[in-house]
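Inside the fold
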Amino acid sequence: MSKAQEKLAFYQDYILQLLEQLNINYQNTRLERQQISQKDVISKEGFTFLEELELLTVNIRGYACQIETTGPIGNEQQAIADLQRLSVFNNYVIIQLYSESRSRYPQIQTYISTLDYLRLLVLEYLQIQQNLRLISA
Amino acid sequence: MKDDLSNDPYLAKIFEGCNDTEIAELSKYLDEWDAGTYSSAAQSVFDHAKRKGFTILRYLRKANNFNKKGSMRVPRSGYRQDGSAVYRKGTEFLIVRLDQYGFEKIVTYGNNEE
């Protein structure tokens, strides 16, 4: 096994651990989500903060779960472009609540940070995989 | 169904321990779901239920029981730039997107109280 392949295996294991951690983090946000749902925070495109966060969660977790099961992802280039776009800090309504969450919603802040960390790990995994493929071609 | 089960380990996991009636019910609900960035709709549903702390059947029933009638849809017609739309009613919401055949499918179901 090459160093790059070893690194991929390490990333795969770490991504799996983060997916589990995020399940716990998500369940810990329940009370804060109930509080936030009372606020009228709406994105430019009309989704509430919680809806935007849910959609972001699903999009990022989907790619991470593909790595968990199969390793390589089919449409790698598309996945990389998507994950670059999916930064939690590209979303105005999330940024707005994230800064407020430091004092009021610490569980939500932890959840958002961990979710973005997962996104970056998946992105890095795909980039290593892509380089490995280019080298072997 | 046997082919689907061997091709998709998550479908096998979802059906594990279920009787024929439950499998038929689960299959009907799964048809309404979009895989999105997951490898399959079954994997998506499996992951959603685990994160939200429900059994798969309970989670799918909750999503299925969401009544679009009388809900608020955003955008009112069509879809956002990312292809999604949301139906919102009380504390519940259903995010949808068109599949490759132009049918509206569920991406996720959430309840702000849970």
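Structural data are supplied above this passage.
Structural notes, computed from the coordinates. All of these numbers come straight from a predicted model, not from anything done at the bench. (Residues numbered from 1 in each chain as written. Chains lettered and ligands numbered in written order. Predicted model: local features only at pLDDT ≥ 70, side-chain atom pairs only at ≥ 80, totals over all residues. Heavy atoms only, no water.)

Regarding the side chain of Asn 112 of chain B
- One can find Asn 112 of chain B in the segment after β4 (104-111).
- With residues up to four places along the chain from it excluded, the contact list for Asn 112 of chain B reads Arg 33, Gln 34, Ser 37 and Leu 50 of chain A together with Thr 91 and Phe 93 of chain B. (Helix = DSSP H or I, 4+ residues; strand = E, 2+ residues; numbered from the N terminus. Contact = heavy atoms within 4.5 Å.)

Considering helix α4 (residues 76-85) of chain A
- Of the positions making up α4 of chain A, those classed as buried are Glu 76, Ala 79, Ile 80, Asp 82 and Leu 83 of chain A. Viewed along the axis of α4 of chain A, the buried residues span an arc of 165°, placing them on a single side of the element. (Buried < 20%, exposed > 50% of the residue type's maximum accessible area, 1.4 Å probe, protein only. Arc of directions from axis to C-beta.)

Structural notes on empty space enclosed by the protein
- Here the structure, examined in full by the defined rule, presents one cavity of 30 Å³ or more.
- Of the pockets and cavities examined, the largest cavity occupies roughly 110 Å³.
- The set of elements that each furnish at least two residues to the lining of the largest cavity consists of α3 (49-70) and α6 (106-136) of chain A together with α4 (41-52) and β4 of chain B.
- In terms of residue count, α3 of chain A provides more of the lining of the largest cavity than any other element does, four residues in total.
- Looking at the lining of the largest cavity residue by residue, the class counts come to six nonpolar, five polar and four charged. (1 Å grid on protein atoms, 1.4 Å probe; cavity = no way out; pocket = protein on both sides within 12 Å on 5 of 7 lines; lining within 4 Å. Points joined across faces, edges and corners; volume = space filled by probe spheres on them. Nonpolar A, V, L, I, M, F, W, Y, C, P; charged D, E, K, R; others polar.)

Notes on the interface of chain A and chain B
- Contacts between chain A and chain B engage 30 residues on the former and 29 residues on the latter.
- Of the roughly 2600 Å² buried between chain A and chain B, counting both surfaces, carbon and sulfur atoms make up 50%.
- The largest share of the area that chain A buries against chain B comes from Glu 45, Phe 47 and Glu 51 of chain A, three residues that together contribute 20% of it.
- Where chain A touches chain B, the interface holds six salt bridges.
- With its nearest N and O atoms 2.9 Å apart, the salt bridge here joins Glu 54 of chain A to Arg 51 of chain B.
- Where chain A packs against chain B, one counts 19 residue pairs in polar contact (both at pLDDT 80 or more).
- Every element with two or more residues in the side of chain A that touches chain B is listed here: α1 (3-28), α2 (30-37) and α3 of chain A.
- A per-element tally of the side of chain A that touches chain B places α3 of chain A first, with 15 residues.
- A per-class count over the side of chain A that touches chain B returns eight nonpolar, 13 polar and nine charged. (Buried area = accessible area lost by both parts, 1.4 Å probe. Salt bridge = Lys/Arg side-chain N within 4 Å of Asp/Glu carboxyl O. Polar contact = N/O pair within 3.5 Å; in protein donor to acceptor, adjacent residues only side chain to side chain.)

Examining the state of the cysteines
- Counted by the stated rule, this structure contains zero disulfides over all chains.
- Between Cys 65 of chain A, a cysteine without a disulfide, and Cys 18 of chain B, which holds the nearest cysteine sulfur, the sulfur-to-sulfur distance is 20 Å. (Disulfide = S-S within 2.5 Å.)

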